Amino acid sequence: MSIFKFPALFSKNMAMDLGTANTLIYLKGSGIVLNEPSVVAYNTYSKEILAVGASAKKYLGRTPQHISAVRPLKDGVIADFVITQAMIRSFFLKIQRMSRFFKPSVVICVPTGITQVEKKAVIEAAEQVGCGKVYLIEEPMAAAIGSGLDVFQNKGRMIIDIGGGTSEVAVITMSSVAYCESLRVAGDELNEAIIRHLFNKHKIYIGENTAEKCKIAAGSAIDIPSLESYTLIGKNVITSTPKEVTLTPQEIRIAMQEPVNAIVDAVRRALDKTPTELVTDIYEDGIFMAGGGSLLRGLNTLIEETTKIPCHLTQNPLLAIAMGSGIALDNLKDYKKVFIN
């Protein structure tokens, strides 16, 4: 399959959480039908797609010279237009058969504050692979809807969406984002912090996948006594030979302290810049967290201790954005005010 060919036309309307780390697709009438890494592996000479999603992620850090494994989205927006088109097309083909007679509508989640150029890129990518009407919804809004919050109410709601490339702290009221603090510090930066720590202190190289496994197994934002040390193998910086290192949970926590503090500081700034009446509403109902990065152990507790406001992890943090965009898709007329295009 060439990345320059995009035969199209699909049958059912869809909603897509097109994320830096993972892509989730909600199919009308079926719910979430796809959840895969936003990774593409292709031959750099022939431009042939070799793998997409979970199978492509296995290529990261392991490819020969003529094969490239890439994340075509950076900080929640399209960094490589052609590869993104190929990825979207591949994912669509996995979940439904093509139709020559009906172009489906699609709801796509985008970061808050996305530029007009970036909006156009997302819309064109969807249209090129065969979609009809394209609706854009801001990720915090979709996360709030997917978390069960009433976004139409004349009441302030705070949602923290921590994805792979970006973290967004948004205050929502009356079907609009009243304020949003966005920063390019999220799950990927936590992985990078572990990689940097191992290079600086232990003089070893590790890959992105290894850092992520370390974070999931023993990472936390606060001291959690039940966590155990994590052993990994990297490449010695000096000798280039394998080297085994055992990290304590405390060491991993200290390694991730800078990006974790950046997220907490963003929450404080958002509260500082939000009108008093809305802050009062937030205090009554609490802060809600969604996105894969919110699963870092103790992060909600740290935010609660810092802000003195209850901080709740939504029921399905990884699925909240996709579910919210799916709800908007199923009720387009009712949710028309939440779309930004």
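Use the structure listed above.
Residues numbered from 1 in each chain as written. Predicted model: local features only at pLDDT ≥ 70, side-chain atom pairs only at ≥ 80, totals over all residues. Heavy atoms only, no water.

**Student:** Just to check I follow, could you spell out the environment of Ile 172 for this structure?
**Tutor:** Within the element layout of this structure, Ile 172 appears in strand β12 (residues 167-173). Distance from Ile 172 to Ile 159, taken between C-alpha atoms, is 7.8 Å for residues 13 residues apart in sequence. Apart from residues no more than four positions distant in its own chain, Ile 172 is found in contact with Pro 140, Met 141, Ala 144, Val 151, Lys 155, Gly 156, Arg 157, Ile 159, Val 177 and Ala 178. (Helix = DSSP H or I, 4+ residues; strand = E, 2+ residues; numbered from the N terminus. Contact = heavy atoms within 4.5 Å.)

**Student:** So what exactly am I meant to see when it comes to the sheet that holds strand β15 (residues 230-236) here?
**Tutor:** To summarise the sheet geometry, strands pair through backbone hydrogen bonds and adopt either a parallel or an antiparallel arrangement. Spatially, β14-β15-β16 is the arrangement adopted by the three strands of the open sheet, whose pairing is antiparallel. The open sheet has two edge strands, β14 (204-205) and β16 (242-247), and neither has a second partner. Two elements, β14 and β15, share two bridges in a ladder whose sense is antiparallel. Paired with Ile 204 across the strands is Asn 236, a residue of β15. (Pairing = 2+ DSSP bridges.)

**Student:** It is not clear to me how the side chain of Thr 84 should be interpreted in this structure. Could you clarify?
**Tutor:** When you line up the elements, Thr 84 lands in helix α2 (residues 81-95). Of the residues examined, Thr 84 reaches a relative accessible area of 0% and is grouped as buried. A distance of 2.7 Å separates a polar side-chain atom of Thr 84 from the backbone oxygen of Asp 80. With residues up to four places along the chain from it excluded, the contact list for Thr 84 reads Leu 18, Pro 72 and Ile 78. (Buried < 20%, exposed > 50% of the residue type's maximum accessible area, 1.4 Å probe, protein only. Polar contact = N/O pair within 3.5 Å; in protein donor to acceptor, adjacent residues only side chain to side chain.)

**Student:** I tried to follow the environment of Asp 334 on my own but got confused; where do I start?
**Tutor:** Tracing the chain through its elements places Asp 334 in the segment after α11 (320-330). Separated by 182 residues in sequence, Asp 334 and Phe 152 place their C-alpha atoms 9.9 Å apart.

**Student:** In this structure, what is going on with the pairing of strand β13 (residues 176-183)? I would like to understand it.
**Tutor:** Regular strands have side chains that alternate between both faces of the sheet. Sheet topology places β12 next to β13; seven bridges connect them, and they run antiparallel. Across the sheet, Val 169 pairs through a bridge with Glu 181, a residue of β13. In sequence, β12 turns back onto β13 through a hairpin of two residues, with Met 174 there showing a positive phi of about 50°.

**Student:** Please clarify how the sheet that holds strand β9 (residues 106-110) should be interpreted in this entry.
**Tutor:** One open sheet holds the five strands; their spatial order is β3-β2-β1-β9-β10, and the pairing between them is mixed. For this open sheet the edge positions go to β3 (31-37) and β10 (134-138), each flanked by a neighbour on one side alone. If you compare each strand with its neighbour and ignore which way they point, the axes differ by 20° on average. Relative to strand β2 (residues 22-27), strand β1 (residues 14-18) runs antiparallel, the two being bridged by five bridges. Bridge pairing in β2 links Met 14 to Leu 27. (Axes fitted to C-alpha atoms, helices over the stretch in contact; angles between N-to-C directions.)

**Student:** Explain the pattern of salt bridges to me, please; I cannot follow it from the model alone.
**Tutor:** When the charged atoms of two side chains with opposite charge come close together, those side chains can pair. Summed over all chains, the structure comprises 12 salt bridges. In this structure, Lys 120 engages Glu 124 in a salt bridge whose closest nitrogen and oxygen atoms are separated by 4.0 Å. One end of the pair is Lys 120 and the other is Glu 124, both in helix α3 (residues 116-128) and four residues apart, which spans about a single turn. Using a relative accessible area of 53% as the deciding quantity, one classes Lys 120 as exposed. Glu 124 sits in the partly exposed class, given a relative accessible area of 32%. Among the salt bridges present, the one from Arg 268 reaches Asp 265, with a minimum N-O distance of 2.3 Å. Residue Arg 268 and its partner Asp 265 are both found in helix α8 (residues 257-273); the two are separated by three residues, about one turn of the helix. (Salt bridge = Lys/Arg side-chain N within 4 Å of Asp/Glu carboxyl O.)

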